[in-house]
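Architecture and fold: a report
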Amino acid sequence: MNLHEYQAKEVLKKYNVPVQEGIVCSSALQAEEAYRQIKSEYGSKFAVIKAQIHAGGRGKGKIAGTEQRGVAVGKNADDVKTIAQNILGGTLVTIQTGPAGKLVNKVLVAQDVYYEGPSEVKEFYLSVLMDRSKSCNVVMYSTEGGVNIEDVAHETPEKIFKEWVYPGGTLQPFQARKIAFNLGLKGEAFKNCVKFVTNLYNAYVGSDCGMLEINPLFKTSDDKIIAVDCKMNIDDNALMRHPDLASMRDVSEEDPTEVEAGKYNLNFVKLDGNVGCMVNGAGLAMATMDMIKLSGGEPANFLDVGGTANAQTVEAGFRIILKDPKVKAILINIFGGIVRCDRVAQGVIDAYQSIGNIEIPIIVRLQGTNAEVAKELIDKSGLKVQSAILLSEAAELVNRAVA
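Residues numbered from 1 in each chain as written. Predicted model: local features only at pLDDT ≥ 70, side-chain atom pairs only at ≥ 80, totals over all residues. Heavy atoms only, no water.

1. Examining the pairing of strand 19 (residues 362-368)
- For strand 19, the tally of buried residues reaches five of seven residues, placing the bulk of the element in the interior.
- Both strand 18 (residues 329-336) and strand 19 contribute to a ladder of seven bridges, which runs parallel. When the sheet's bridge partners are listed, isoleucine 334 is paired in strand 19 with leucine 366. (Buried < 20%, exposed > 50% of the residue type's maximum accessible area, 1.4 Å probe, protein only. Helix = DSSP H or I, 4+ residues; strand = E, 2+ residues; numbered from the N terminus. Pairing = 2+ DSSP bridges.)

2. A short note on the packing of helix 11 (residues 341-355) against helix 12 (residues 371-379)
- The geometry of helix 11 relative to helix 12 is characterised by a closest axis approach of 7 Å and an angle of 20 degrees between their N-to-C directions. Overall, the two elements helix 11 and helix 12 adopt an arrangement that is roughly parallel. Judged by the sense of rotation from one axis to the other, the crossing of helix 11 with helix 12 is right-handed. In contact with Cys341, Asp342, Ala345, Gln346 and Ile349 of helix 11, helix 12 contributes Ala371, Val373, Ala374, Leu377 and Ile378.
- Here the contact of helix 11 with helix 12 is built from residues that sort into eight nonpolar, one polar and one charged. (Axes fitted to C-alpha atoms, helices over the stretch in contact; angles between N-to-C directions. Parallel < 35°, antiparallel > 145°, perpendicular 65-115°, else oblique. Left-handed = near helix turned anticlockwise from the far one by under 90°. Contact = heavy atoms within 4.5 Å. Nonpolar A, V, L, I, M, F, W, Y, C, P; charged D, E, K, R; others polar.)

3. Examining the layout of surface pockets
- Quantified by volume, the second largest pocket comes out at close to 660 Å³.
- Asp236, Arg249, Glu254, Glu258 and Phe268 are, among the 19 residues lining the second largest pocket, the residues nearest its centre.
- At the level of secondary structure, the elements contributing two or more residues to the lining of the second largest pocket comprise helix 8 (256-263) and strand 15 (267-270).
- Looking at side-chain class alone, the lining of the second largest pocket contains seven nonpolar, five polar and seven charged residues. (1 Å grid on protein atoms, 1.4 Å probe; cavity = no way out; pocket = protein on both sides within 12 Å on 5 of 7 lines; lining within 4 Å. Points joined across faces, edges and corners; volume = space filled by probe spheres on them.)

4. What about the environment of threonine 97?
- Here threonine 97 shows up in the loop between strand 6 (91-93) and strand 7 (102-103).
- In sequence terms threonine 97 and glutamate 258 are 161 residues apart; their C-alpha atoms lie 17 Å from each other.
- Sequence-distant contacts of threonine 97, that is, excluding residues within four places in its chain, are made with Ile53, Ala55, Leu92 and Lys102.
- For threonine 97, the side chain forms a polar contact with the main-chain nitrogen of threonine 94, separated by 2.9 Å. (Polar contact = N/O pair within 3.5 Å; in protein donor to acceptor, adjacent residues only side chain to side chain.)

5. Re the sheet that holds strand 4 (residues 62-63)
- Strand order in this open sheet of three strands is 4-6-7, and the pairing throughout is antiparallel. Edge positions in the sheet fall to strand 4 and strand 7, since each of these pairs with one other strand and no more.
- Here strand 4 pairs with strand 6 via two bridges, running antiparallel. Within strand 6, the position partnered with isoleucine 63 by the bridge is leucine 92.

6. Some remarks on the packing of helix 10 (residues 311-322) against helix 11
- Orientation of helix 10 relative to helix 11, taken along the N-to-C sense of each, is 50 degrees, at an axis distance of 8 Å. By the criterion of interaxial angle, the relationship of helix 10 to helix 11 is oblique. Where helix 10 crosses over helix 11, the handedness of that crossing is right-handed. Along its contact with helix 10, which presents Ala311, Val314, Glu315, Phe318, Arg319 and Leu322, the element helix 11 presents Gly347, Val348, Asp350, Ala351, Ser354 and Ile355.
- For the contact of helix 10 with helix 11, the residue count by class is seven nonpolar, two polar and three charged.

7. Examining empty space enclosed by the protein
- Enumeration over the complete set of coordinates arrives at one cavity of 30 Å³ or more.
- By volume, the largest cavity is sized at about 40 Å³.
- Contributions of two or more residues to the lining of the largest cavity are made by strand 19, helix 12 and strand 20 (385-388).
- A class-by-class count of the residues in the lining of the largest cavity yields six nonpolar, one polar and two charged.

8. Observations regarding the nonpolar core
- In this structure, Leu12, Phe196, Leu200 and Met232 are the most contacted members of the largest nonpolar core, which totals 40 residues.
- Listing elements by their share of this core, those giving two or more residues are helix 1 (5-14), strand 9 (122-131), strand 10 (136-142), helix 5 (173-182), helix 6 (187-206), strand 12 (209-219), strand 13 (225-227) and strand 14 (231-234).
- Top contributing element to this core by residue count: helix 6, with nine residues.
- Look past the residues within four positions of phenylalanine 196 in its chain and what remains in contact with it is Val17, Pro18, Leu126, Ile214, Leu217, Ile225, Ile226 and Ala227.
- Counting residues in each nonpolar core, the second largest holds 33 residues, with Val305, Val339, Leu366 and Ile389 among its members. (Core = buried A, V, L, I, M, F, W, Y, C linked by side-chain atoms within 4.5 Å.)

Shown next as structure tokens:
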């Protein structure tokens, strides 16, 4: 589950991680008032207005049909109000959203951190995530923070540092000091960075994050270390431990069909192909998608109904798949281990009758417990459902359907 920047910063503050303060707004009038409040509280000369969407690249992205960037600086109340009006309700297109973009419902009006002081301001990059090649968490960081971090990783990978933290352990003090040293920090900034990195890692573990990215990690002119931006992803499987985080979910940022599938405990990911697939088990689903490609088709989705599939889940899966106008055929591939094939077959029949006439071919491949009984049920149902026992049979039927 992804969080918005303003939500992620609230989580960080609970772990004593310093952040760029701001006020989230859903209207231009609120943004104007937020500017006045920030100017009063922090003495900011200007404010930064940031579109709140679940995607990166906002600073370079533009509101569709305009030249308005997703992140902009407002120098006075009228300026802030105008920028907020230009962003709110618009579709922000970034390198991560693709051409479709994302609708902006909220903006964050944030304080000025580029104030004058005795030392130079600096921008760094810092993230914490799982390194699956080493089966442990890694703190990845660079002296080259900002909007071009992807270019840094591609063109000058030697400027990307990594510090691994092994399972069951914590980020050690010497590791935090090493990170601050490699970032070139000294004195008070060095001490503040050590605290920042330690608390950030605690936030990553304590919140069951899948990924936590700070870009830029900012050194102010008076040697404070703060998170100017934050991208946070929470492990869905851990949300039962974090009802406060689960309540932050913004379903308007998610694919509607994936949200609907979640209501039925279906694991669904929409793809761009022409063959819808419904399978029990993630591994079998991946193998089924490979088989669809080898048969000349392209998978339209990943749909795992789990090991307890019944008539209700099968029907829900059908309805979700049929919402995609690109789908030319549906392949149901069930291995009857925990679930009996005849129950799935009856679910297919019930769903077919409940939904009504389905124009596209439906191929059902059932193998395992009561597979023969299931095939007989489908063959005698009188419905336009093609059954198969072997995977090769199902592949041939898919090939004919999409030819």
